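# Observations on the three-dimensional arrangement
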Amino acid sequence: MSSSFYRDMKGSTHRLAPHEIVVPAVPDDERIWVPQAPDVWFRPLMLNTLAGQWCNLLRVRKSGVLSRHLHPNPVHGFVLKGRWHYLEHDWVATEGSYVMEPPGEIHTLTVPEDVPEMITFFNITGCMVYLDENDRHIGFEDVFTKIDMCRAHYEKVGLGSDYVDQFVR
Ligand SMILES: [Fe+2]
């Protein structure tokens, strides 16, 4: 029996958190960052195919508007580095900030010019719906498109397409 299980007093076995659940969030290996757009990457942490949810780090090394979007479910964010804001609000998410984004709101993620790098943890359920300035749908992402992007990238950089499997639940 692997260490991922324990046996209770009645002899039944139960699954424990496998060791790979604890990972260094900011990886040493640059190849783990998956390019999403020029100067924008995500680092998968947990890709939950049962609940349609994913946790990742978003890393941005450019300023200006990143995306205008909505999500039908809440999103939770925690800023590890740098800062960002939504054009629709006057608050700024700074290093150490927790942000709860309510479902249904349209907002425009923007990084200030004097921030060379922003890294934020996001826990997203459902999907991201991308919109243009007239609120027309121009694309979407969900846990399955994220997995596809990871597979293609990890294959290309030599980690192998199955490298992503450790993050998939
Ligand atoms: Fe959002």
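Not measured: the values here are computed from a predicted model.

Each value, and the rule that gives it
- Residues numbered from 1 in each chain as written.
- Predicted model: local features only at pLDDT ≥ 70, side-chain atom pairs only at ≥ 80, totals over all residues.
- Pairing = 2+ DSSP bridges.
- Helix = DSSP H or I, 4+ residues; strand = E, 2+ residues; numbered from the N terminus.
- Axes fitted to C-alpha atoms, helices over the stretch in contact; angles between N-to-C directions.
- Contact = placed C-beta atoms within 7 Å.
- UniProt positions renumbered as here; feature names shortened; annotations may be inferred.

### What about the sheet that holds strand 11 (residues 118-125)?
The 6 strands lie next to each other as 3-4-5-11-7-9, forming an open sheet whose pairing is antiparallel. Each having just a single partner strand, strand 3 (34-37) and strand 9 (98-101) make up the two edges of the open sheet. Ignoring strand direction, the axes of neighbouring strands in this sheet form an average angle of 30 degrees. Examined bridge by bridge, strand 4 (residues 40-48) and strand 5 (residues 53-60) share 8 bridges and lie antiparallel to one another. Note that in strand 5 the partner of Trp41 across the bridge is Arg59. Sheet strands in contact with helix 1 (residues 143-156) are strand 3, strand 4 and strand 5, and its direction is about 115 degrees off that of strand 4.

### Details of the pairing of strand 10 (residues 107-111)
The side chains of a regular strand alternate between both faces of the sheet. Pairing between strand 6 (residues 64-70) and strand 10: 5 bridges, direction antiparallel. Pairing of Gly64 across the sheet is with Val111, part of strand 10. Across 2 bridges, the pairing between strand 8 (residues 85-86) and strand 10 is antiparallel. Looking at strand 10, one finds that His85 is bridged to Thr110.

### Description of the UniProt feature "domain: ChrR-like cupin" (unreviewed entry) in the protein
The UniProt feature table records "domain: ChrR-like cupin" (unreviewed entry) at residues 29-114. End C-alpha atoms of residues 29-114 are separated by 26 Å, and the span's content is 0% helix alongside 53% strand.

### Looking at the environment of Pro38
Of note, Pro38 is situated in the loop between strand 3 and strand 4. With 24 residues separating them in the primary sequence, Pro38 and Lys62 have C-alpha atoms 8.5 Å apart.

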